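Residue strings, one per chain:
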Amino acid sequence: GDGTSSSLQNPYHLYNTPGTYYPKLLVTTIAGCKDSIVATSPVNLFISPKIDINYSGNGCVPLNATFSRKLLVPDTAVTTLAWNFGNGKTSAAANPPLQTYATAGNYTVSLTATSSNGCKTIVTKPLEAYAIPKVSAGNDTILCKGSSITLTAAGAATYTWSPSANLLCVNCAS
């Protein structure tokens, strides 16, 4: 149907271009007798939806993420969408509602687009909700006026102490 051929009795063929094809079978017996037939029912090849996911990205919990469908080929007829956000929520909207990820972890967001002819495309994206650091500023201490103490923090990558008055270092752990 598309200009290619095979000498196999039961060939496998991959059609690369959308369209309507009428495969033809030509047979030859051991005695050299020939016959052929063209399929009366066509092979119809449709394009699958070409989509992607736009999303706001990773962040700290509670992560409020936005998602939208990105249509990569404008002439693709997408009739249904099925989102799975990996947080127990789903949607069928092109621009679904804000999604909240309250627990730190890695999530997989998937979008299935189905065209009017039943062809499907599934796209997945990773999403990570980062844990809030467990910060410690040391033990409670009672000081007398005029005394000093070394403050020691732990649990984060950067620190900013405030108020900064009378501190030797504002952006250090101790």
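Only a predicted model underlies this, so the values are computations on that prediction, with no experimental measurement involved.

S.K.: Run through the overall build of the protein, naming residues and quoting values.
M.R.: For the protein, the helix and strand inventory stands at zero helices and 13 strands. Written out in order from the N terminus, the α and β elements of the protein read β-β-β-β-β-β-β-β-β-β-β-β-β. Expected size for 174 residues packed as a compact globule is a radius of gyration near 16 Å; at 31 Å, the protein overshoots this value by more than 25%. Projected onto its principal axes, the C-alpha coordinates of the protein cover approximately 115 × 35 × 25 Å. The burial tally for the protein puts 21% of its 174 residues in the buried class. Counting only contacts in the protein whose residues sit at least 6 apart along the sequence, the fraction spanning at least 24 positions is 45%. When the accessible surface of the protein is split by element, carbon and sulfur atoms take 54% of a total near 12,400 Å². Where the 10 positive side-chain charges of the protein centre and where its 6 negative ones centre are 5 Å apart.

S.K.: Please provide a residue-by-residue account of unusual backbone geometry, values included.
M.R.: Glycine aside, the phi torsion of most residues is negative, and most peptide linkages are trans. A cis amide bond links Val61 to the next residue, Pro62, at an omega of -5 degrees. Examined against the element boundaries, Pro62 turns out to sit in the loop between β6 (59–60) and β7 (63–65). Cis geometry is adopted by the peptide bond preceding Pro163, which originates at Ser162 and carries an omega value of -5 degrees.

S.K.: With reference to specific residues and values, describe the nonpolar core.
M.R.: A general tendency of soluble globular proteins is for nonpolar side chains to be buried together. Grouped together as the largest cluster of nonpolar side chains are 17 residues, with contacts concentrated most on Ile53, Phe67, Trp83, Tyr101, Val109 and Leu127. Sort the elements by how many residues they give to this core and strand β12 (residues 105–115) lands first, with four residues. With residues near it in sequence (within four places) discarded, Ile53 still touches Phe67, Ser68, Trp83, Val109, Ser110, Leu111, Val123 and Lys125.

S.K.: Pulling in residues and values, what's your account of the sheet that holds β12?
M.R.: Pairing is mixed across the open sheet formed by five strands, whose spatial order is β6-β13-β12-β9-β10. Either end of the sheet is taken by a strand with one partner, and the two such strands are β6 and β10 (90–91). By the bridge criterion, six bridges tie strand β9 (residues 78–84) to β12 in an arrangement that is antiparallel. Opposite Thr80, over in β12, you have Thr114 as the bridge partner.

S.K.: How would you sum up the packing of aromatic side chains? Please name residues and give values.
M.R.: A complete count under the given rule lists six aromatic pairs for this structure. Judged by centre distance (6.0 Å) and plane angle (10 degrees), the ring pair of Tyr55 and Phe67 falls under stacked. On the criterion of sequence distance, the pair formed by Tyr55 in strand β5 (residues 51–55) and Phe67 in strand β8 (residues 67–71) is long-range, its members being twelve residues apart. For Tyr55, a relative accessible area of 30% translates into the label partly exposed.

S.K.: Lay out the pairing of strand β3 (residues 34–38) in plain terms, naming residues and giving numbers.
M.R.: Counting buried positions along β3 gives zero out of five residues, so the element sits mostly on the surface. The hairpin formed by strand β2 (residues 24–28) and β3 contains five residues between the paired strands, and Gly32 there has a positive phi angle of roughly 95 degrees.

S.K.: Quick rundown of the environment of Ala165? Include the residues and the values.
M.R.: Looking at where Ala165 falls in the secondary structure, it is placed in the segment after β13 (120–130). Residues Ala165 and Lys70, 95 residues apart in the sequence, show an inter-C-alpha distance of 51 Å.

S.K.: An account of the pairing of β2 is needed here, citing residue identities and associated values.
M.R.: Moving residue by residue along a regular strand, the side chains alternate between the two faces of the sheet. Relative to β3, β2 is paired through five bridges, and the arrangement is antiparallel. Bridge pairing in β3 places Leu25 opposite Ile37.

Each value, and the rule that gives it
- Residues numbered from 1 in each chain as written.
- Predicted model: local features only at pLDDT ≥ 70, side-chain atom pairs only at ≥ 80, totals over all residues.
- Heavy atoms only, no water.
- Helix = DSSP H or I, 4+ residues; strand = E, 2+ residues; numbered from the N terminus.
- Rg over C-alpha atoms; globule rule 2.2 N^0.38 Å.
- Buried < 20%, exposed > 50% of the residue type's maximum accessible area, 1.4 Å probe, protein only.
- Contact = heavy atoms within 4.5 Å.
- Areas by Shrake-Rupley, 256 points an atom, 1.4 Å probe, with all protein chains shown as cover.
- Lys, Arg positive; Asp, Glu negative; His and termini not counted.
- Charge placed at Lys NZ, Arg CZ, Asp CG, Glu CD.
- Core = buried A, V, L, I, M, F, W, Y, C linked by side-chain atoms within 4.5 Å.
- Pairing = 2+ DSSP bridges.
- Phe/Tyr/Trp six-rings, centres within 6.5 Å; stacked < 30°, edge-to-face > 60°.

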